[in-house]
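Chain by chain, the residues:
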Amino acid sequence: MNRPVASTTAMALPFLPGNSRNKHLGKEKFHKSHHFDVPNGVSMLAASERPGIGGELLVGQKIRPKYSVYPEGRGGGVPLWVAFDKQVLCFEAFFDEAVPGARDEKFRIRKCNIYFYLEDDTIQVVEPQFKNSGLIQGTLIRRHRVPLPPPNGDQFYNIFHFNINQQLVMYSRTFTVTSCDPYTRGFLTKLGVRLNDSTAVPDDPYSILREQIDKRMDPLRPYERQDTLKQFLDLDGQVLRFYCFWDDTGSMFGDPRDLIMLYYLADDTLELREVFAPNSGRDVVAKFLHRGKLPKNAPAPMKQPGQTTDRTVLNVFNSESHGQRYILDRLKIADGHEEFYKDVDLTLGGQLNVFGRKLLIADCDDFTKDYYRSKHGIEDFNPIKYKSPAVPKPARLVPPYNGFGSEEDSLSFCWGLLPKRPQKDFRKFMEKDRCGLDSNVLIFRAALVSNDPVDRERVFFISFYLSDDTISVLERPQRNSGVIGGKFLERGRVRKPDQELYKSDPSEYFVAQDLYVGASLCINSHHFRLLDTDEYTFSYMETHADEFPKADVANILNKLRAVPEEKRSEIRKFLTLSDPGSNGFIPYESFRSLLTGLDCGLSEHEVLVVGRRFSERMTPEADVGLKLAVAQDLLRKKHFIAFTDMVKACVHSDRHRTGRLSTKETRTICKGSRLPLPDDLLEDLLSKFADGDEMDYDAFLAGINWVEHPAPPIMADDGIKTATVHEDFEKHCDLTVDEEVDVFGRSPLIADCEYSDMTLYLSLFVTFLPSLLLYYLLYIIFASSLSLPWLLCIYRSCECQASNKLYIWP
């Protein structure tokens with residue numbers, strides 16, 4: 001039984017205060033829309049459709065959206081310019097354009113593409129470019145928002161205005177949309193837009209006329225494929241080079257001519273270039289034959305225009321149903337066949353017909369040989385000898401040296417009318433010039449070979465400069481020798497002795513390999529014997545052993561290995577007798593006498609090199625007294641006298657009054673007192689006075705106190721010159737040696753140079769002679785009593801300078 005159901009009707013609350021909803025609750029904007037503006041000083045209505053208070057629409061008011069409405073869910077809430085970035089809708093369209101005043105056409109159909117950018121509703125119209133159209137094509141409408149045609153000019157095109165088979169008016173041009181791409185079709189379908197069917201573009205009468213004209217002018221009909229692209233891509237850049245010869249002696253004023261033939265594999269063309277000999281008298285031209293295909297049977301009679309074609313048409317059939325049909329002469333029956341030279345026709349010894357000129361192929365390059373060897377299997381590439389042996393050039397006789405200037409300078413006058421300055425070896429100069437501490441100068445101590453006892457005592461230093469092979473000789477001054485020392489020979493190149501001066505051949509000069517210890521040099525009729533050299537010269541020659549055979553240890557050991565077997569037993573017996581303690585060391589003098597007595601051609605330099613190689617150098621410790629003398633000399637020069645303060649500081653630090661402090665505390669006191677000694681010297685002195693971790697500070701301070709305990713002065717000859725050396729010489733020559741070598745470690749040009757008294761007095765006399773004459777004249781003229789004291793002052797200053805003393809003038 002159905003029971004009636006009472007219908008319930010929603011009852012609205014009475015419109016009373018407190019019962020009605022306040023529409024302003026939660027509202028934050030209460031601004032009034034801007035309707036009027038004053039542009040350029042003129043008051044006018046800015047916009048008629050503006051919302052009300054706070055941006056709310058008025059009653060019956062509708063606001064058009066600013067941009068298109070897109071389907072929900074696209075972009076994920078991000079801005080449109082991010083969600084639809086680089087997403088463009090493409091439509092194909094056309095528009096017709098009237099052509100007034102033309103005879104062949106009245107209108108023209110122009111195709112274009114319309115691009116709609118989803119990010120900002122901008123539109124761009126682009127017309128594809130067609131060849132020889134005569135029109136300005138490309139972008140017709142640049143990208144921007146296109147307004148609608150009047151009377152809706154205040155609105156813009158959006159996505160919903162586009163559809164297929166629909167017309168769009170943009171700036172007085174009517175565009176008809178014919179189709180769109182698949183992406184555009186799918187996007188509009190998702191928006192719910194029902195797209196129309198695609199339509200065809202109407203035919204352009206003038207374009208059809210142009211196509212018919214182009215077809216009638218097409219020379220490739222009927223089409224016959226000639227594919228040369230593969231050959232070009234595979235062989236582009238590969239060129240065969242042949243050396244040819246053309247005997248043109250049969251013609252008047254003809255002579256043999258050399259040519260180079262280049263065959264290009266990319267298109268089977270060749271080119272000829274002539275090789276012009278110097279002073280041949282011929283005009284130099286770029287090419288003997290321009291690049292192109294060379295016919296074998298040239299020269300041939302000239303053919304009529306049109307007689308030679310790429311293809312031959314035998315018959316043409318024309319029917320209304322099937323159109324025109326062509327039959328080509330594929331067998332080349334009616335075509336006059338013309339042969340051209342190919343790569344298989346070019347062989348060594350073969351002849352080449354270049355328009356009636358017979359060329360002989362004589363030789364080719366390595367690439368051409370590899371090409372024919374790999375492709376054609378040819379192995380015989382013997383060149384064809386077509387030239388007679390070259391006549392040897394007569395030797396250019398050089399006149400003998402006349403003695404004026406250098407030989408190189410005089411020789412430059414013989415090579416040309418305009419003499420040039422002789423060029424020096426700049427590369428050698430840059431490599432062997434002084435660089436920092438590396439001087440590249442070899443210094444040897446030498447003596448004169450003479451019967452005169454005075455000359456035998458003279459000491460010379462010969463310097464060889466590796467940068468330009470020059471030599472300079474300096475003599476060490478010796479006191480009371482009667483010989484003025486100094487520069488003996490100016491720096492320059494020195495000729496070797498026993499050479500004729502006035503001759504055509506260049507003279508031989510001394511080189512670095514001619515200088516070694518024990519060598520004899522004849523310099524300007526003075527015979528020198530090299531006695532010793534410095535450490536730098538030894539090290540340089542041993543480092544560059546490939547340049548100096550006398551310093552090559554391997555070369556020296558080969559000479560020692562050549563000693564006969566019967567002498568080796570004597571050598572072992574000599575070594576046993578020289579080393580009675582069997583400690584593996586022998587004196588250097590015994591070792592030197594052993595090597596010089598072997599008669600194997602060893603020089604003094606080679607003996608020294610072997611001794612330096614198989615030795616162990618031990619630097620002897622310097623005397624403590626010498627170190628204290630050096631320290632006192634430094635403190636005296638620095639005027640350091642604060643020794644009492646240092647003693648007080650040491651006593652203050654010595655709490656137990658034992659007279660000893662740790663080395664660290666003593667070093668701290670020295671640093672705090674600003675003791676002006678080098679760190680290495682200070683550390684050495686502290687270690688000498690140390691006994692374990694402590695040291696006797698009283699003895700140390702007394703040793704460096706130059707005021708109360710002065711040490712004897714340091715002499716120039718103080719120093720130790722011996723070093724003990726040892727190495728496994730038996731490993732290389734079946735010998736065991738010991739060496740005591742005189743180390744030539746200091747600069748001989750500075751350490752041992754002392755002026756004699758006579759030389760010093762002469763230099764002082766020459767220096768003060770003008771002053772003495774001047775004061776003598778003043779004394780005679782004025783008879784003044786002041787002139788005599790001044791003369792006495794000058795005389796006393798001369799005496800003080802001669803005795804290395806300081807004279808203070810009054």
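Residues numbered from 1 in each chain as written. Predicted model: local features only at pLDDT ≥ 70, side-chain atom pairs only at ≥ 80, totals over all residues. Heavy atoms only, no water.

### Topic: the pairing of strand 4 (residues 107-117)
With eight of its eleven residues buried, strand 4 lies for the most part within the structure. In the sheet, strand 3 (residues 88-98) pairs with strand 4 via eleven bridges, with the strands oriented antiparallel. Directly across from L89, in strand 4, lies its bridge partner F116. (Buried < 20%, exposed > 50% of the residue type's maximum accessible area, 1.4 Å probe, protein only. Helix = DSSP H or I, 4+ residues; strand = E, 2+ residues; numbered from the N terminus. Pairing = 2+ DSSP bridges.)

### Quick word on the pairing of strand 11 (residues 269-275)
If a strand is regular, its side chains alternate between the two faces of the sheet. Counted residue by residue, strand 11 has five buried out of seven residues, so it is predominantly covered. Note: strand 10 (residues 256-264) against strand 11, seven bridges, orientation antiparallel. Pairing of L259 across the sheet is with E274, part of strand 11. Taking the residues that link successive antiparallel strands as the turn, the strand 10-strand 11 hairpin has four residues, and the phi of D268 there is positive, at about 60°.

### Points about unusual backbone geometry
In this model, P150 is joined to P151 through a cis peptide bond whose omega is 10°. Structurally, the position occupied by P151 is in the loop between strand 6 (138-144) and strand 7 (167-170). A positive phi angle is found at D268, which is not glycine, with a value near 60°. Here D268 is to be found in the loop between strand 10 and strand 11.

### A few points about a nonpolar patch on the surface
Nonpolar side chains collect at one region of the surface, where V78, W81 and V82 lie side by side and expose about 310 Å² of accessible area between them. In this structure, V78 sits in the loop between strand 2 (44-45) and helix 1 (80-83). On the basis of relative accessible area, V78 is assigned to the partly exposed category, the value being 39%. (Patch = residues over 30% accessible without salt bridge, like charges linked within 9 Å, V, L, I, M, F, W, Y side chains within 5 Å. Areas by Shrake-Rupley, 256 points an atom, 1.4 Å probe, with all protein chains shown as cover. Salt bridge = Lys/Arg side-chain N within 4 Å of Asp/Glu carboxyl O.)

### With respect to the sheet that holds strand 9 (residues 239-247)
Overall, antiparallel pairing links the six strands, which are arranged 12-11-10-9-16-15 in an open sheet. Every interior strand has two partners, whereas the edge strands, strand 12 (289-292) and strand 15 (351-354), have only one. For this sheet the average axis-to-axis angle between neighbouring strands, irrespective of direction, equals 35°. With five bridges joining them, strand 9 and strand 16 (residues 357-364) adopt antiparallel strand pairing. In the strand pairing of strand 16, F245 is matched with L360. Its contacts with the sheet put helix 5 (residues 366-375) on strand 9 and strand 16, and the angle it makes with strand 9 is roughly 110°. (Axes fitted to C-alpha atoms, helices over the stretch in contact; angles between N-to-C directions. Contact = heavy atoms within 4.5 Å.)

### A closer look at the packing of aromatic side chains
Using the criterion set out here, one finds 18 aromatic pairs in the structure. One aromatic cluster is present, built from ring pairs that chain together F91, F116, Y157 and F162. Against the face of F340 rests K293, its NZ or CZ located 6.0 Å from the ring centre. (Phe/Tyr/Trp six-rings, centres within 6.5 Å; stacked < 30°, edge-to-face > 60°. Lys NZ or Arg CZ within 6 Å of the ring centre and 35° of its normal.)

### Remarks on the packing of helix 12 (residues 588-596) against helix 13 (residues 604-613)
Where helix 12 contacts helix 13, the two axes come as close as 10 Å, and the packing angle between them is 130°. The orientation of helix 12 with respect to helix 13, classified from their angle, is oblique. For the element pair helix 12 and helix 13, the recorded crossing hand is right-handed. Contact with helix 12, carried on its side by Y588, F591, R592, L595 and T596, involves E604, V607, L608, V610 and G611 of helix 13 and no other residues of that element. Here the contact of helix 12 with helix 13 is built from residues that sort into six nonpolar, two polar and two charged. (Parallel < 35°, antiparallel > 145°, perpendicular 65-115°, else oblique. Left-handed = near helix turned anticlockwise from the far one by under 90°. Nonpolar A, V, L, I, M, F, W, Y, C, P; charged D, E, K, R; others polar.)

### Description of the nonpolar core
Counting residues in each nonpolar core, the largest one holds 46 residues, and the members touching the most others are L442, I462, I523, L530 and L595. Contacts of L442, omitting those with residues within four sequence positions, involve I462, S463, F464, L466, A512, T537, Y540 and F548. Ranked by size, the runner-up nonpolar core spans 29 residues in total, among them F91, V146, Y157 and F187. (Core = buried A, V, L, I, M, F, W, Y, C linked by side-chain atoms within 4.5 Å.)

### Remarks on the packing of helix 15 (residues 643-653) against helix 18 (residues 697-704)
In the contact formed by helix 15 and helix 18, the axes pass within 11 Å of each other and the chain directions differ by 175°. In terms of axis orientation, helix 15 runs roughly antiparallel to helix 18. Contacts between helix 15 and helix 18 involve F643, M646, V647, C650 and V651 on the former and, on the latter, Y697, L701 and I704. Class assignment for the residues of the contact of helix 15 with helix 18 results in eight nonpolar, no polar and no charged.

### Structural notes on helix 2 (residues 182-190)
Among the residues making up helix 2, those that are buried are T184, F187 and L188. Looking straight down helix 2, one finds its buried side chains confined to an arc of 95°; they lie on one side. Opposite the buried face of helix 2, at more than 90 degrees from it, the exposed residues are P182 and K190. Residues of helix 2 that are buried sit in contact with strand 3 and strand 8 (173-180). Looking one or two residues beyond helix 2, the residue adopting positive phi is G192, at roughly 90°. (Arc of directions from axis to C-beta.)

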